[in-house]
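# Descriptive structure summary
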Amino acid sequence: MMKNRLTGILKGLAVLAVVLAAVPAAGDASGPRQTGGRTKRVSLPALRTAPALRAERPLVKRRGSRYSPDRVLVRFRPTVASEYAEGLLRSYGFPSFRRIPGIGVWSVGTAPGVTVIETLAMLRRNADIELARPDYRARLADVPNDAYFLSYQYSLRNLGGVLDIGPSVQPQITAGADIKAVPAWDAAKGDPELLIAIVDTGLDLSHPDLATKVYSSGYDFANDDDEADDDHWHGTHVAGIAAADTGNSLGIAGVAWNCKLLPVKVTDASGDGYYSWIIDGIIWAVDQGADVINISMGGEYNDAFLEDACKYAYDHGVVVVAAAGNDGGAGVLYPAAYDDYVLAVAASDYDDEIVSWSNYGPQVDVAAPGVYILSTAPRAYVGTGNPPYLFASGTSMAAPHVSGLAALIKSLKPGLSVADVMNVIRYTADDVNAATAPGLDDHAGYGRVNMERALTPYVIR
Amino acid sequence: MKRTYERMPRVLGLGIALAVLAGGASAAGLAVKPLAAGLSFDSLTRTVVWQGDEADSRLAASLFTARAELGLGGRGIVLGLFAGLALSDASGLVFRGLPISLQYDGSAVAGLAFGADLLAPITRLGEFEIKGAGRIVYMSGMSKTWPLEGFAVEGQAKGKPGWLEASVGPRVEYRFFGKVVPYVELSARWLTASFRMDETLGELEGSETKKVGGDFAFGAALGADAEVSRRVALRGRIGIMPFAGGVDTLATVGVLYRF
């Protein structure tokens, strides 16, 4: 009796196993000068309210399975008639399939209990089938909703067309001549704990596109006080490129969305400063915990003390990025020329060409867009009623693109040494002047920085 | 997400030991040849979450092995030893600890596989015979090198995978058909895996080892052993390992020659 019951249970288990098997698979002669002196005030952006931009942020889907677990895409050879293809798919026992018109591709539901890999292996053995692929997942790119991003910030994403700055300035720009920021932002937007020090003319501390990003009121070494407010325009502009408040539906997007800004004022209101102020500024920024220091200024004179300050930063794990200079001649300004400790940045344009006024020399590491760069401007500078944004050109504008990238790399890989971060930026650059100077050269260095290649995984195939 | 059970090796070990003990207590006298040799092909997939990853990825393996079976003590206990070649595919695995992150999406990496299995009778109820089954498989991948292209300097990545799977559970055989013995096998399966990736790009160097600390799954399989002749037998088995949101699979085919 007991034996018969056990036998019945075992038969039940056997049936259960069969049912389980059927479950579906699922930078002054006596001092430095700013290197971004080519400016153009802009009033037009105020007339453009960017009506096409939507206020809401796009949905971002994080990576899960890379493709549909129960569907594949198949294309038959051109000689295979549609009716025959349908019959063939039916003979495989696929529970569902439909033809996508126009390109002769079939979307095929996998059989219950059979994985996509197994289904593809089976289909690829059929001589009538030209191509069988997984149905990969797509996602919306994390495009910032900042008002001027789409129309003016070609340096971050260049879709080509005309850069409509005003009636007299409407250059045709080349699609793809950018630093590939959008796909890179999917990998990193920056650590809010990470500090980018802007060693410059100060910063409009209450600028609507910067206020939330300012870590502290900084320090003013020109006036020796603890409020690095901008009485020029340069520092505010540089800061916005590196890390303006992004995704706030306002103004521009910064390279390092989430990183904070540390203003360090080292020039007077005319935009001139002394090496001692810069040295003080670098040391102070390092001691305040800066992770990246942007110096969009420089001088012609090599100075051991300035070099020591850069070495101090380097030895403390701080990446220093500086502008190469805008004289258009041989000779990179200091501190950019301190090759061991500082990344020297040249300027490229909207066509990925290295501009003629960008200084050159063997110390140039990389290039970044530095022509007609829209960024934040002090409200006192633009005047009441004008939007606090300016277009400016110079290696000063190129450098903060690289500083932002350095901050993102440090955010994503905090364990990397300064030398490693500098090399990642160098090695992942696009050799945009390969046609005239292939490889490492004095004008573009390793090339125009490529954020996507620096931040997203390289796929081994 | 699948759970990790760190104590599973002990549990599985105990299970195998109990199976052996049980085998020693019953089913004496079954016609088990003392020595056999053969070839087999195994295919298995395991959906795992590598340490540090937010999403799961699939580890697929194929094993081509030669095996020897030894009947122990005339009690129907069969010990199998096998060794051969293996192909291991961990597509989708991302190494974010390297200076330049790498996503492995390449072809399978070849390696050596070896292991042992044990089948021990426990009891017989009419046409049904219950056995304890245990199996351990280790795969040691050979280093494979890929060039890193598109950078300003030359570079390469070198990867080496490896994994170990242990399983234990009951097998219920239906002996009604004589020479063909279908069976249902339930198993508790524990997997540990590692994949080391070394990167060299100009002056940049990095190394990262991704690991699966111990992934546990339950599996159910249907199989059959068929005697083609007095000395030759064929084997086949297909199974599934369900998990939240999907199912992993396993399959085995083989031929055995009894001496």
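Residues numbered from 1 in each chain as written. Chains lettered and ligands numbered in written order. Predicted model: local features only at pLDDT ≥ 70, side-chain atom pairs only at ≥ 80, totals over all residues.

### Observations regarding the overall build of chain B
For clarity, the threshold we go by: Only runs of H or I of at least four residues qualify as helices and only runs of E of at least two qualify as strands under DSSP, and these elements are numbered from the N terminus. Our exposure labels follow a C-beta count within 10 Å of each residue's own C-beta, placed from the backbone: buried means 20 or more other C-beta atoms, exposed means 12 or fewer, and partly exposed covers the counts in between.
The number of helices and strands found in chain B is one helix and 13 strands. Order of helices (α) and strands (β) in chain B, N terminus to C terminus: α-β-β-β-β-β-β-β-β-β-β-β-β-β. Classification of the 259 residues of chain B by burial places 42% in the buried group.

### Section: the overall build of chain A
Broken down by element type, chain A carries 13 helices and 19 strands. Looking at chain A as a whole, 51% of its 461 residues qualify as buried.

### A short note on the environment of Thr395(A)
Secondary-structure assignment places Thr395(A) in helix 11 (residues 395-412). When the C-alpha atoms of Thr395(A) and Ala324(A) are compared, they prove to be 6.2 Å apart, with 71 residues separating the residues in sequence.

### So, the nonpolar core
Nonpolar side chains in soluble globular proteins tend to be buried together. Residues and elements named next belong to chain A. What counts here: Think of a nonpolar core as buried Ala, Val, Leu, Ile, Met, Phe, Trp, Tyr and Cys residues, each tied to the set through C-beta atoms within 7 Å. Throughout, a residue-residue contact means that the two C-beta atoms, derived from backbone geometry, are no farther apart than 7 Å.
In this structure, Ile196, Ile198, Ile293, Val320, Val345, Val402 and Ile425 are the most contacted members of the largest nonpolar core, which totals 163 residues. When residues of this core are assigned to their parent elements, the largest contribution, ten residues, is made by helix 11. Not counting residues up to four positions away in its chain, the partners in contact with Ile425 are Leu343, Val366, Val402, Leu405, Ala406, Val449 and Ala454. Counting residues in hydrophobic clusters, the runner-up holds twelve residues, among them Trp106, Val108, Val116 and Ala132.

### Considering helix 12 (residues 418-427) of chain A
Count 3.6 residues to each turn of an α-helix, and residues three or four apart come out pointing the same way. Among the ten residues in helix 12 of chain A, nine count as buried, and that is most of the element. Buried residues of helix 12 of chain A: Val418(A), Asp420(A), Val421(A), Met422(A), Asn423(A), Val424(A), Ile425(A), Arg426(A) and Tyr427(A), and no others.

### Brief notes about unusual backbone geometry
Residue and element names in this part refer to chain A. Residue Tyr334 is joined to Pro335 through a cis peptide bond whose omega torsion reads 20°. Backbone geometry at Lys180 places phi at a positive 60°, although glycine is not the residue there. Mapping Lys180 onto the fold places it in the loop between strand 8 (172-173) and helix 6 (181-185). You will see that Tyr372, though not glycine, has its phi angle at about 50°, which is positive. With respect to the element layout, Tyr372 can be found in the loop between strand 16 (364-369) and strand 17 (373-376).

### Some points on the pairing of strand 14 (residues 319-323) of chain A
Residues and elements named next belong to chain A. Convention followed: Strands are treated as partners if at least two bridges between them are detected by DSSP.
Burial analysis of strand 14 places five of its five residues in the buried class, the great majority of the element. Burial of strand 14 is two-sided: the residues Val319, Val321 and Ala323 facing one way and the residues Val320 and Ala322 facing the other way are all buried. Sheet analysis places strand 12 (residues 292-295) next to strand 14, joined by four bridges and oriented parallel. Bridge assignment links Ile295 to a residue of strand 14, and that residue is Ala322. Relative to strand 15 (residues 342-348), strand 14 is paired through four bridges, and the arrangement is parallel.

### Things to note about helix 9 (residues 304-315) of chain A
Residue and element names in this part refer to chain A. To keep things clear, this is the line we draw: Expected helix span is computed as 1.5 Å times (number of residues minus one). Here the arc refers to the set of directions running from the helix axis out to each C-beta atom.
Compared with the 16 Å implied by 1.5 Å per residue over twelve residues, the 16 Å span of helix 9 between its first and last C-alpha is a close match. All buried positions along helix 9 are accounted for by Leu306, Ala309, Cys310, Ala313 and Tyr314. Axial view of helix 9: buried residues confined to an arc of 140°, hence all on one face. Opposite the buried face of helix 9, by more than 90 degrees, sit the exposed residues Ala304, Phe305 and Asp315. Where helix 9 is buried, its residues touch helix 8 (275-287), strand 12, strand 14, strand 15 and helix 12.

### Let's talk about the sheet that holds strand 10 (residues 219-220) of chain A
All names here are of chain A. Defined as follows: The angle between two axes is taken between their N-to-C directions and runs from 0 to 180 degrees, where each axis is a line fitted to C-alpha atoms and a helix contributes only its stretch in contact.
In spatial order, the strands read 10-11-9-12-14-15-16; together these seven strands make up an open sheet with parallel pairing. Only two strands of the sheet have a single neighbouring strand rather than two, namely strand 10 and strand 16. Where helix 7 (residues 234-243) meets the sheet, it contacts strand 9 (195-200), strand 11 (260-265) and strand 12, and its direction lies at approximately 155° from that of strand 9.

### Side note on the environment of Pro34(B)
Residue and element names in this part refer to chain B. Considering the arrangement of structural elements, one finds Pro34 in the loop between helix 1 (8-25) and strand 1 (35-48). Judged by the 13 C-beta atoms lying within 10 Å of it, Pro34 is partly exposed. For the pair Pro34 and Gln103, spaced 69 residues apart in sequence, the C-alpha to C-alpha distance is 48 Å. Excluding residues within four positions of it along the chain, Pro34 makes contact with Leu70 and Gly71.

### Focus: the confidence of the model for chain B
Residue and element names in this part refer to chain B. Using the following cut-off: pLDDT runs from 0 to 100 and stands for how confident the predictor is about each residue.
Chain-level pLDDT for chain B is 86 on average; 87% of the residues reach the 70-or-more range. For the stretch residues 1-9, pLDDT sits under 50, and the model shows 17 contacts to residues farther than four places along the chain or on other chains. The low-confidence segment residues 14-31 (pLDDT under 50) makes 36 contacts with residues lying over four places distant or belonging to another chain. The complex prediction reports pTM at 0.77, with the ipTM value standing at 0.80.

### Brief notes about the sheet that holds strand 3 (residues 67-76) of chain A
Residues and elements named next belong to chain A. Read from one edge of the open sheet, four strands run 4-5-3-6, paired in antiparallel fashion. At either end of the open sheet lies a strand with only one pairing partner, and these are strand 4 (96-100) and strand 6 (129-136). On average, each strand axis in the sheet is inclined to that of its neighbour by 25°, with strand direction left out of account. The sheet strands contacting helix 3 (residues 82-91) are strand 3, strand 4 and strand 5 (105-109), and the helix crosses strand 5 at an angle near 15°. Against the sheet, helix 4 (residues 116-124) engages strand 3 and strand 6, with an angle of about 170° to strand 6.

### Points about the pairing of strand 3 of chain A
Inspection of the sheet shows strand 3 of chain A paired to strand 6 of chain A by six bridges, in the antiparallel sense. Bridging from a neighbouring strand, Tyr67(A) pairs with Tyr136(A) of strand 6 of chain A.

### Re the packing of helix 11 of chain A against helix 12 of chain A
Residue and element names in this part refer to chain A. Let me state the cut-off plainly: An angle below 35 degrees is read as roughly parallel, one above 145 as roughly antiparallel, one from 65 to 115 as roughly perpendicular, and any other as oblique. By convention, the crossing between two helices is left-handed when the near helix turns anticlockwise from the far helix through less than a right angle, and right-handed when the turn is clockwise. Classification used: nonpolar for Ala, Val, Leu, Ile, Met, Phe, Trp, Tyr, Cys and Pro, charged for Asp, Glu, Lys and Arg, polar for all others including Gly.
In contact at an axis separation of 10 Å, helix 11 and helix 12 are set at 120° when each is read in the N-to-C sense. By the angle between their directions, the pair helix 11 and helix 12 is classed as oblique. For the pair helix 11 and helix 12, the sense of crossing is right-handed. Across from Val402, Leu405, Ala406, Ile409 and Lys410 in helix 11, the residues of helix 12 making contact are Val421, Val424 and Ile425. By residue class, the composition of the contact of helix 11 with helix 12 is seven nonpolar, no polar and one charged.

### Description of the packing of helix 8 of chain A against helix 9 of chain A
All names here are of chain A. For the pair helix 8 and helix 9, interaxial distance at closest approach is 9 Å and the crossing angle is 10°. One element, helix 8, and the other, helix 9, form an angle in the roughly parallel class. Contacts between helix 8 and helix 9 pair Tyr275, Ile278, Ile279, Ile282, Ile283 and Val286 from the former with Phe305, Leu306, Ala309, Cys310, Tyr312 and Ala313 from the latter. Looking at the contact of helix 8 with helix 9 residue by residue, the class counts come to twelve nonpolar, no polar and no charged.

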